[in-house]
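Here is how the chains run, residue by residue.
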Amino acid sequence: MNDMLIFERAAVRAHRDRAANQLDRVRPVLDDLAARVLDRLDDTGRKFATALDLGGRGAVATLLAARGVAVVSADLSPRMARQAGGFAVAADAEFLPFGAASFDLIVAHLSLHWVNDLPGALIQLRRTLKPEGLFLASLPLLGTLGDLRAALIKAEEALTGGASPRVSPFPDLADCAGLMQRAGFALPVAEREVIDVEYAEPLALLRDLQAAGETNATIARSRRIPPRALFPAALAALAPDDGKLRVPLHMAVLTGWGS
């Protein structure tokens, strides 16, 4: 098997297709995170005419349109693309269908962490960007869902004697900065933001991940039905004394310019 293949892209598409009608459940979180990322536009002092919204799940295109930007919304899921708010295009970030220098702004908000060939995708995105255009991206970093990952592994090992991957691997910040440089972006910057999301009870975390299309799509995942006690046991281990679960999202925000 190709070592570059970590995710089953057909599963990623299916999860996002199913999530397209559930986004209202997580809309406040998605909108808040998108606003944090797009705040960087104010620091540039630039006006952008055309933008590619890659995988923004309806949180990006609306904010860009309010700034007077014409937006193309691309997503691996056709259903998600149609609901994103811009001119809809079903497209895979690993095989972008756009010509060179097509956009003066590209925003890839919380979508690139499902890409197998991230270096290749970044190179394609840089080529799709106009000279002196801006690339802006966000993705979860190592540490995100770390407690959930550990609880699931411990519970599954106790129940079955082994464990399969149930939470996606995430990069660290240094990896992101290095990939931006390798892709040829000018003035690349990689920043970390930590946002705490609070849940009244742990099961709501799993429901939100499903509603956002963020369920397990690793190739190495088990296809067997998990033990009935697995998720209750893992979630019980996460439950704090006050009953409120605080989940830190470690988010990388990447900026780079076309050259």
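What this report covers is the structure whose coordinates are included nearby. Everything quoted here is computed from the prediction, not taken from an experiment. Per-chain numbering applies: the sequence of each chain, read as written, is numbered from 1 onward. Two thresholds apply to this predicted model, a pLDDT of at least 70 for residue-level local features and 80 or more for giving and counting side-chain atom pairs, whereas whole-chain, interface and lining totals are computed over all residues. Each side-chain value is derived from all of the structure's non-hydrogen atoms; neither hydrogens nor water enter the calculation.

The end-to-end C-alpha distance of helix α2 (residues 27-38), which contains twelve residues, comes to 16 Å, matching closely the 16 Å that a straight helix rising 1.5 Å per residue would cover. Exposure categories follow from relative accessible area, calculated using a 1.4 Å probe and restricted to protein chains: below 20% of the type maximum is buried, above 50% is exposed, and the middle band is partly exposed. A run of H or I in DSSP becomes a helix once it reaches four residues, and a run of E becomes a strand once it reaches two; helices and strands are each numbered from the N terminus. Regarding α2, the residues found buried are Arg 27, Leu 30, Leu 33, Ala 34, Val 37 and Leu 38. The buried residues of α2 occupy an angular sector of 140° when projected down its axis, which confines them to one face. Looking at the buried residues of α2, the elements they touch are α3 (40-44), α4 (61-66), β4 (103-109), β5 (129-140), β6 (186-199) and β7 (245-257). The span one expects for a helix is its residue count, reduced by one, times 1.5 Å. The directions from the helix axis to the C-beta atoms form the arc being described. By definition in these notes, contact holds between two residues if any of their heavy atoms fall within 4.5 Å.

Here we take up the sheet that holds β5. Strand pairing within a sheet occurs via backbone hydrogen bonds; the two strands may be parallel or antiparallel. By definition, two strands form a pair when at least two bridges between them are found by DSSP. Within the open sheet, the seven strands sit side by side as β3-β2-β1-β4-β5-β7-β6. Their pairing is mixed. Here the strands that pair on one side only, and so sit at the sheet edges, are β3 (87-90) and β6. Strand-to-strand twist in this sheet, taken as the mean axis angle between neighbours without regard to direction, amounts to 15°. Where strand β1 (residues 50-54) meets β4, four bridges bridge the pair, whose relative direction is parallel. Bridged to Ala 51 within β4 is Leu 105. Here an angle of 0 to 180 degrees is reported between the N-to-C directions of two axes, which are lines fitted to C-alpha atoms, with helices fitted over the stretch in contact.

Now for the packing of aromatic side chains. Pairing of aromatic side chains here covers Phe, Tyr and the six-membered ring of Trp, requires ring centres within 6.5 Å, and sorts the geometry by plane angle: under 30 degrees stacked, over 60 edge-to-face, intermediate tilted. What the rule picks out here adds up to three aromatic pairs. Each ring, one from Phe 7 and one from Trp 114, has its centre 5.3 Å from the other, and the planes form 75°; the classification is edge-to-face. Of this pair, Phe 7 sits in the segment before α1 (9-19) while Trp 114 is found in the loop between β4 and α6 (118-128), placing the two residues 107 residues apart along the sequence. This pair shows no difference in class: Phe 7 is buried, exactly as Trp 114 is. Between the aromatic rings of Phe 135 and Phe 185, the centroid separation amounts to 4.8 Å while the plane-to-plane angle is 15°, which identifies the pairing as stacked. In this pair, Phe 135 is assigned in strand β5 and Phe 185 in the loop between α8 (173-183) and β6, connecting sequence segments 50 residues apart. By the burial criterion, Phe 135 is buried, and Phe 185 matches it.

Burial analysis of strand β2 (residues 70-75) places five of its six residues in the buried class, which makes it a mostly covered element. As paired strands, β1 and β2 are joined by five bridges and run parallel to one another. Opposite Leu 52, over in β2, you have Val 72 as the bridge partner. In this view, the connection linking β1 to its parallel neighbour β2 by way of α4 has right-handed handedness. Judged from the four bridges that link them, β2 and β3 form a sheet pairing that is parallel. Along β3, the bridge assignment pairs Ala 74 with Val 89. Here a crossover is taken to be right-handed if, once the strands point away from the viewer, the path from the first strand over the helix to the second is traced clockwise.

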